[in-house]
Each structure stands twice: as structure tokens, then as C-alpha cells.
Amino acid sequence: MEVTCLLLLVLLPFHCRGQGVYAPAQAQIVHAGQACVVKEDNISERVYTIREGDILVLQCLVTGHPRPQVRWTKTAGSASDKFQETSVFNETLRIERIARTQGGRYYCKAENGVGVPAIKSIRVDVQYLDEPVLTVHQTVSDVRGNFYQEKTVFLRCTVNSNPPARFIWKRGSDTLSHSQDNGVDIYEPLYTQGETKVLKLKNLRPQDYASYTCQVSVRNVCGIPDKAITFRLTNTTAPPALKLSVNETLVVNPGENVTVQCLLTGGDPLPQLQWSHGPGPLPLGALAQGGTLSIPSVQACDSGYYNCTATNNVGNPAKKTVNLLVRSMKNATFQITPDVIKESENIQLGQDLKLSCHVDAVPQEKVTYQWFKNGKPARMSKRLLVTRNDPELPAVTSSLELIDLHFSDYGTYLCVASFPGAPVPDLSVEVNISSETVPPTISVPKGRAVVTVREGSPAELQCEVRGKPRPPVLWSRVDKEAALLPSGLPLEETPDGKLRLERVSRDMSGTYRCQTARYNGFNVRPREAQVQLNVQFPPEVEPSSQDVRQALGRPVLLRCSLLRGSPQRIASAVWRFKGQLLPPPPAVSVPAEAPDHSELRLDAVTRDSSGSYECSVSNDVGSAACLFQVSAKAYSPEFYFDTPNPTRSHKLSKNYSYVLQWTQREPDAVDPVLNYRLSVRQLNQHNAVVKAIPVRRVEKGQLLEYILTDLRVPHSYEVRLMPYTTFGAGDVASRIIHYTEPINSPNLSDNTCHFEDEKICGYTQDLTDNFDWTRQNALTQNPKRSPNTGPPTDITGTPEGYYMFIETSRPRELGDRARLVSPLYNASAKFYCVSFFYHMYGKHIGSLNLLVRSRNKGALDTHAWSLSGNKGNVWQQAHVPINPGGPFQIIFEGVRGSGYLGDIAIDDVTLKKGECPRKQMDPNKEPWPVSLLSPFAVVVMPGSGAPRRPCPQLWGPMAIFILALQR
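Residues numbered from 1 in each chain as written. Predicted model: local features only at pLDDT ≥ 70, side-chain atom pairs only at ≥ 80, totals over all residues. Heavy atoms only, no water.

**Brief notes about the overall build of the protein**
When helices and strands are tallied, the protein shows 2 helices and 72 strands. For the protein, with 967 residues in total, the buried portion stands at 45%. Sequence separation of at least 24 residues holds for 69% of the intrachain contacts in the protein that already meet a minimum separation of 6. Of the accessible surface of the protein, which amounts to about 49700 Å², a share of 50% is contributed by carbon and sulfur atoms. (Helix = DSSP H or I, 4+ residues; strand = E, 2+ residues; numbered from the N terminus. Buried < 20%, exposed > 50% of the residue type's maximum accessible area, 1.4 Å probe, protein only. Contact = heavy atoms within 4.5 Å. Areas by Shrake-Rupley, 256 points an atom, 1.4 Å probe, with all protein chains shown as cover.)

Structure, rendered in C-alpha cells:
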């Protein structure tokens, strides 16, 4: 018959402490990631050094009540765009694969509404070392009147790193130094900030032709290895040289296939060739293969500069550029310029007149213009002149000037632009000159000066242009400096004078300017007008949602206010309760003189009047609603997270208790709290233990306390707490409580260390031993571990329970030692007893030693207990008396035996003041057979030889009798 221990949750008597515990936030930044250099301790707030590509984890530890909210921000350097735009609201900041640009100062801001926020900062220094770049430069100088020449070579090594790199120069395998050789000079150029070192070879000698290596190092900081680059210097070393197969300016027709070759004419080592295009990348379909660039079916958009660059790290890169021009023409425009000298804006007989014609072309200077009058070529005369490149007009513009305008000069003039001999279509523009040709005027149609539309609808702004010819209309914003139009442009052209806007938004409201263009019409001062655009949008109200609490029988006033809207007024306000329409005033009040809010008054809060209220406000464009949740229910409790040492473990059973503390949020806002309902549930379990806790009068800031016991190590629990008043249940608060291993100290010497927490009760690995102890449980142990050695579980037999053990497989050797060192204890008693469980199973078991390190005069280690050899696949307990006589530490030393089947484990270490039990089992004798124990005393896990600790409350007289008989 199998019997299991039932977990009982014991709720100890309730306590109240009449003290205000509300406290402002305090913060502290802790490194929790892959820090490689921390100058001080783990809570240093100075510089946190991390390797590029590692994981950055910063944790902001906060105290204060209520629990502070944490926000992370950053300055100096740049993080990801997402991180800069939105702060991280979390106690832990985690950045995967941190980049060098993400270094800088990080700020943790904690605030809880009490006092001023707490702000702490830490500087993150990202370490990196790029691949070095080595370039070679050489100079030749004449000496003694050209009798001979001196050749000097400079080898320049550059690297990006943090911290600054250390440079080592080598010739072959020999390290070079500044004073080693008269022909060698090593120096750092000015303004390079430690990123460059130059090796200068003066008056080059035959032995200087060799392989040179530049090795860079950051002295293994963050484990970053050294990097190096090698260059072989020969008597043929030379910088690259290039030539092109075409002219530097290449003019082609659209649709042609273009091939440009970049030919190497020198360079050792063999240079690498690369093509690039400016601006932008190479055209789609372009193929760069070695020094050959091919562009099939070239188009006008492919025009630009194409660069061929050759590099071999000797001298400066060689570069050749081809300016590719694809013939094209677009945007034919004309201008009518009246007599400038007489400052006229009209065409008048007897005055001069200039007609100008321009096209945007590639190449611009190759465009030719031809003028026609009434379909016939215009003939040059003393009164009719054709000029080119007028300084007052855009480049390559053709102008036809009519001197002393006569009636016979009236007619239709045609300007034709062309590329002679090229398959590019001509462009032409026509201008009619007559007595009816007049400069433009512009105005806004009647009733269109102000345009009002609703947000999300289309809008059309219109200006009318009169005159002959009628030029295009240019639109821009007036009331917002440097503001762009909805199209994203500062200026937008419309041929018909109408600016069409799709789906207008409220930020488009404002004044718009329309003005005549100075092209395709008269070249005179622009005429302009203005149009006002008003965008109406639904109201925005506050509060959008509000939780209203009040004691039963007390009145409540609900107010819904208009924040903004267009129009800025309330046209109607409707109140509803639980979806049902409420009657009009007196419940609804919208004063005519101040229609910017609506109010509803409840004479008394009752159970029937509690619920959801909605105020729907309209301004004839749309509506918005204020939501109110009215009730007399109590606010949620506020858990207190700053309880000192809330976890208490028990040495006789692997259980722990937890001190749960809280305050009641705004207890005076509603009726007094009568009791709390507490629910405790182990995570990953469905059943919960529920308990009602009666209370007396609860005051604001009063710290309430409850102790939960018989919680199982190392499990976590969900705790839910709900207040009850005469109204009924209030808001629930929940939190997760975790088991935290207590750290043994002289004041806590009776605690037992179960090794369930990663801090392992303050124990540390000795730095002078050969290897380390390992913390694991049945769930984390290696499935390929050595069989027939080591424990399957901890002393409790549960798979979640942790223990410490030594792994004796390779590369461990005979006699290797692993030491686990306790914290330092200040001796306050003459005698102490060290109790612990050990597991020594395997045919190659070595030794387990307990040492005491006395700190009276230096550090002196003495053996207090030792055990060797295979003791079976069971956990056994030892009690070791010690007499330290001063500050001391205890050390568990595991010694590797003759083979890999020698894993040793320990668990449940207790340090207790006083002497050890007088009667204790000899560890070298066999343990109690499990078969002799009552099933009520020990539960054996199926498939394991490790007994669970007995449940004392289930022991019967039979179990006690058997134990006495065994002794």
C-alpha cells in the first residue's frame, strides 16, 4: 500500500501593525547578464562592460510601497529606433546581441506616486575588436644631386576597437621595436586616437623585403581574441593603375546596350575592381563582372556617374569615373516677358517683348531650339532676335525678342526643341500673342473662401485664374512655417487651380495659398489668394473611463467634460445606466452659457444604483463617451514587497513558511473592510486552499500580516487576496511568491540550506581547487550521465529538489579536489554542530571531507570529518561537532577517486549552535533498511532507493516502536 504525504496549508493567527508603510520609491541597478568586466561588485552603478553580440540584462531592484513602476530610458549613443521611441516599462531590460551603438548611459526610473521618483543610471561600455586594415604607402626622394634615390615605405595599420587596441609589428616571426633597428620607425599619427600605428621602413634595404604582420589586441578583455593581418612587401609592390575603354563622358540613346571596360595597367598585389553608381545603386539588370560593366537597354533614369575603383592596399585606390548621359527631354515650358526696362506687365505696341522656351534635357547643352511664326520659320531681323543662355533665365533657354512690337508681330509662335540626329522625339510649345494676351489674375470663387469638411472625407480647394494664357496654379501652406502639403511637398502644381485632398485629417486644417506660376504664362510678379480649410472632427472627452468608489448611502457626482472637438461645443448629451436610457434633466444638465460638460448626480450609492454609467456627448459631427463604473466595492489590497526575510525554512521537513504583508488601498473610500478571503495555489496545480480572515478597523497605510506555512520547497505559489465589505466582494490582488534560500549567518545558524536557490545560501566555489561543485536536480541532470553513480534525486525524492554534487568524469583525474566554501560566521558559541546528508555511490568513490577554516590568525584549514569509499545508493546523515574559537567557515571537499564512477553529493546542510546529538549512526555502518520502517513514516518513490522524509503528523506508535527497536 502506497502512502503519500498530504501538503497542508496552515494559516497562522492574524496580526496588524498600526504603522504607515507608504514609502517613496528607491531603486538599484543590478547586472544580471553576460558582464565580462565589472570593476566593483555585482551592484556597481558605474561601468558595466560587455562584449558586442552578448546579451545585456539590467535589472532595476526597487523598494517602496505601493510597488513602484519601472521605466528604462537611454542617452548617449544610440539604441534601436524602437527602444528610443518607446521606453521599456519593465524591471528587467534585456537586449539580445547588443551592438556597439547601443552603449551609453541607461536610466532606471521608479515611481509609485509617493514622494519624488527614484532615478538610477549605469553606463554600458560595449567592447569589440574589428579586423585590422593594412595599407602600404611609399615615397621616393632624390639624395646628393640625383646620384641615388632613397625609397621609404610606410605600412599603416588601422583598427576599430573598444578599448583602444595594442599594436605589435612583426617581420616574419620576429617582433619589431622602435629602437631595434635604425631602419625601422614605429609611431602613431596625430589625431588617430589610438586607432592607427605606422611602421616606417627608411631607406629600403634588401632585408626589408619580407612579410609584415600587424597584430592587434585588446588584452583579451571580455575574451576577445587577438587579430592580425599580413602583407608581403616585394620589389614589385606598386599601387593600382587604371584606364577606361570609353571617354569619361559617354552620351547614348535610350534603348541602347552600354558596355564599359575598366582595365588594370598596374598594381602588385593584384588589385580588386569594383563598380558603383551615384546617386543610388547600380541599375536593375546591370551586370558588373570584374572590370566590365554592362547595362542592357539603357533608360533615361540610368544616367549618372559610374565609378570603377581598384584597391590592393598599396597607395591610394585608383578611381576612374564615367559620366553616362542618356539622351532625353521633358517639361517644355514658355514665358512671356513684357518690356523689363519700362517695368511693364502688359503687352503694348511700341514696347519690347520677349518669348522664352526651355526644356529639361540630358545633355542640356546639346538641345537645339527652332522658332516658328504662324507655321513658318521665324526670320531674323533687326527687330526679331533669337538668343540663347539668357542670364536671367534657366541655363540653355532660347529666347525670341521682339523689338518695338508692331501690330504685324501678332500671331502664333511655336518653339521646337530637338536632339539633331538622335532618336529622341521633339518637344514643342505654342504661344499666341495678340491684343487679348493679358497677364493673369487669381481669385477664390464666391462661397469657397472657407471650406468645411468632416475628418476622413475628401476636400477640394479652388482658385480661379483669368488671363490669356492661363498659367498653372501653385499651392502651399501659409499658417504653418515650413509645413508640407498632404502630398509631402512644400509646393504643388495644379493645372486647373484645384487642390484635391483625400481623407483629410485635423492637422490639415489651416490656411492655404494659391498663386500663379511664372512659367507657361507671363513672367511677372505672381498673383495669389488664400483659402481656409476647416476640418471638423468628433469630440474628445474626459474621463474616457473612471472608476468611482463611494460608501453605501453617500452621493456621487459624475461629470463628463469636452476636451476638444470641431465644433468646440456640446450639441447633445445622453446618459445611460447599464445600457438603459436615463430620463432628461434634472439628471442631465447642459448649461447654455457653458456647454462644455454634462453632469449626473446620484443622491445615494446603493446596490441597485451600482454599475456602469455612460455619457454620450455629440457635437453634430460625431460622438464620444465617458464611462463611469460606480460601486461601493473595496479597492484591491496592495501587497508589501519589502518584507525583510519573508521566507523561513524548516530543518525537519523540506517545507518553508512565508510572511505575507499588505496594506489596503484607500480603505476610507468605501465601507470598512470586514474580512479578507485568501486563496493559495501551488503553481501548475489546480486545487487551492481558501481561508477567510476577519479584521478590525483597517486604516490607510496600516501594514497587515499573515504567515503561510507548510509550503513545499522549492515550489512557487499564487496568492490571491480579496477584501469584503457590507457591499460584498472587492477587487482581488494576486502575486506569486517564490522560495528564496536563506543565507546562513550567526543569527540564522539554525536554518537548513537545501540548495534550492541559485545563491546556494552564500556558499562559493574555492578558487584554489581543481574543479567545482555542481547544483542540479533530477530534471536538470545530464540524461547521458554515468550510470551506477550519483543520486537519482535529492533527499526528499522529488524531481524538483536540488542538491550539490561533484562530476568525476573526464577531464577529471585521480586526486582532483572540489571545494565548496560557506559564508564567514562570527562565532557566538563555543560549540557548533554541522549536520548534512551525503550520497556516496559508485565503485570509484574517492573521499568526502569536512574542513573548518579558522580566521583567527590568517586562514587555517583543519579536518573535522572524512569518509571514503562506496556507501550505497542511499542518502545518509552525518553530525559533525566543531569548536572554531573565532570567525570561521566550513568547507566541503570532494576528492576524485580512481575512475569516473565516483560522483559524490551533499544536501540539507545545517549549522546549529551547541553540541551534536549523542546517539548517532556510524556512517560506515549500513543504514536502516527501508523495509523495517512503518509505511506511515517513510514513503519510497517507485523506482528509486531514496526514501522521502517522514511526515511526523502521520507517524503512529508502531513507527516509534520500530525506530526505538532499531536503535
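**A look at the pairing of strand S71 (residues 888-895)**
Counting buried residues in S71 gives 8 out of 8 residues, a clear majority hidden from the surface. Neither face of S71 is left uncovered, since the one carrying Phe888, Ile890, Phe892 and Gly894 and the one carrying Gln889, Ile891, Glu893 and Val895 both have all their residues buried. The pairing of strand S66 (residues 817-821) with S71 spans 5 bridges and is antiparallel. Within S71, the residue paired with Leu820 across the bridge is Phe892. Direction of pairing for strand S68 (residues 847-854) relative to S71: antiparallel, over a ladder of 8 bridges. Residue pairing across strands places Ser847 opposite Val895, the latter belonging to S71. (Pairing = 2+ DSSP bridges.)

**Describing the pattern of salt bridges**
All chains considered together, the criterion is met by 35 salt bridges. For Glu455, the salt bridge is made with Arg506, and the minimal N-O distance between the two is 2.9 Å. With a gap of 51 residues between them, Glu455 in the loop between strand S37 (450-454) and strand S38 (459-462) and Arg506 in the loop between strand S42 (498-501) and strand S43 (510-516) connect regions that are remote in the sequence. In the salt-bridge network here, residues are joined through shared partners; they are Asp766, Arg817, Arg819, Arg853, Asp861 and Glu893. (Salt bridge = Lys/Arg side-chain N within 4 Å of Asp/Glu carboxyl O.)

**A closer look at the nonpolar core**
Tyr763, Phe836 and Phe892 are the most contacted members of the largest nonpolar core, which has 33 residues in total. Within the residue set of this core, elements represented by two or more residues are strand S65 (803-806), S66, strand S67 (832-840), S68, strand S69 (860-868), strand S70 (876-882), S71 and strand S72 (904-913). In terms of residue count, S67 provides more of this core than any other element does, 5 residues in total. If we skip the residues at most four places from it in the chain, Tyr763 touches Phe755, Leu820, Val821, Ser822, Pro823, Tyr825, Ile890, Phe892 and Val909. Counting 29 residues, the second largest nonpolar core, distinct from the first, contains Leu353, Tyr413, Phe419 and Val431. (Core = buried A, V, L, I, M, F, W, Y, C linked by side-chain atoms within 4.5 Å.)

**Some details on the sheet that holds strand S14 (residues 166-171)**
Strand order across the open sheet formed by 4 strands is S15-S14-S18-S19, with antiparallel pairing between neighbours. Among the strands making up the open sheet, the edge pair consists of strand S15 (174-175) and strand S19 (227-232). When strand S18 (residues 211-217) meets S19, the two strands line up antiparallel, connected through 6 bridges. Across the sheet, residue Ser211 finds its bridge partner in S19, namely Arg232.

**What to know about the state of the cysteines**
Under the defined criterion, the tally for this structure stands at 8 disulfides. With no disulfide of its own, Cys615 has Cys560 as its nearest cysteine by sulfur position, at a separation of 3.9 Å. (Disulfide = S-S within 2.5 Å.)

**Brief notes about the sheet that holds strand S27 (residues 318-326)**
Pairing within the open sheet is mixed, and its 4 strands lie in the order S21-S27-S26-S23. What marks the edges here is a single partner per strand, and that holds for strand S21 (249-252) and strand S23 (272-278). Strand-to-strand twist of the sheet, defined as the mean angle between neighbouring strand axes without regard to direction, takes the value 20°. Of the strand pairs in this sheet, S23 and strand S26 (residues 304-311) are connected by 7 bridges, and their pairing is antiparallel. Residue pairing for S26: Gln272 is matched across the bridge by Thr311. (Axes fitted to C-alpha atoms, helices over the stretch in contact; angles between N-to-C directions.)

**Some words on the packing of aromatic side chains**
Counted by the stated rule, this structure contains 14 aromatic pairs. Aromatic pair Tyr825 and Phe888: ring centres 5.4 Å apart, planes at 50°, arrangement tilted. Taken as a pair, Tyr825 in the loop between S66 and S67 and Phe888 in strand S71 lie far apart in primary sequence, 63 residues in all. Residue Tyr825 is classed as buried on the basis of its relative accessible area, which comes to 2%. In this structure an aromatic cluster arises from ring pairing among Phe836, Tyr838, Trp865 and Phe892. For the cation-ring pair, Arg100 lies above Tyr128, with the distance from its terminal atom to the ring centre recorded as 3.7 Å. Here the guanidinium or amino end of Arg549 rests over the ring plane of Tyr635, the centre of that ring lying 4.3 Å away. (Phe/Tyr/Trp six-rings, centres within 6.5 Å; stacked < 30°, edge-to-face > 60°. Lys NZ or Arg CZ within 6 Å of the ring centre and 35° of its normal.)

**Considering the confidence of the model for the protein**
The share of residues in the protein with pLDDT of 70 or more is 85%, and the mean pLDDT across the chain is 84. Counting contacts from residues 143-148, a segment whose pLDDT is below 50, to residues more than four positions away or on other chains yields 4 contacts. Predicted confidence is poor over residues 921-967, with pLDDT under 50, and the contacts of this stretch with residues over four places away or in other chains come to 65 contacts. (pLDDT = per-residue confidence, 0-100.)

**Observations regarding the side chain of Thr647**
With respect to the helices and strands, the residue Thr647 is situated in strand S54 (residues 647-649). Sequence-distant contacts of Thr647, defined by excluding residues within four places in its chain, comprise Tyr656, Ser657, Tyr658, His738, Tyr739 and Thr740.

**Digging into the pairing of strand S6 (residues 56-65)**
Most of S6 sits out of view: 7 of its 10 residues are buried. In this structure, strand S3 (residues 23-31) lies alongside S6, joined through 7 bridges in antiparallel fashion. Each bridged residue has a counterpart across the sheet, and for His31 the counterpart in S6 is Leu58. The sheet contact formed by S6 and strand S8 (residues 92-95) spans 4 bridges and is antiparallel. Pairing of Leu58 across the sheet is with Leu93, part of S8.

**Examining a nonpolar patch on the surface**
On the surface, a cluster of nonpolar side chains totalling about 240 Å² of accessible area is made up of Met380, Leu385 and Val386. Position of Leu385 relative to the elements: it lies in strand S32 (residues 384-388). (Patch = residues over 30% accessible without salt bridge, like charges linked within 9 Å, V, L, I, M, F, W, Y side chains within 5 Å.)

**A word on the side chain of Gln102**
Structurally, Gln102 is set in the loop between S8 and strand S9 (104-111). The class for Gln102 is buried, based on a relative accessible area of 11%. Polar contacts involving the side chain of Gln102 include one to the main-chain amide nitrogen of Ala99, which spans 2.8 Å. (Polar contact = N/O pair within 3.5 Å; in protein donor to acceptor, adjacent residues only side chain to side chain.)

**As for the environment of Val386**
Tracing the backbone through its elements, the reader meets Val386 in strand S32. Val386 sits 17 residues away from Tyr369 along the chain, and the two C-alpha atoms are 9.7 Å apart. Those residues within four positions of Val386 in sequence are excluded, and the remaining contacts are Trp371, Met380, Ser398, Ser399 and Leu400.

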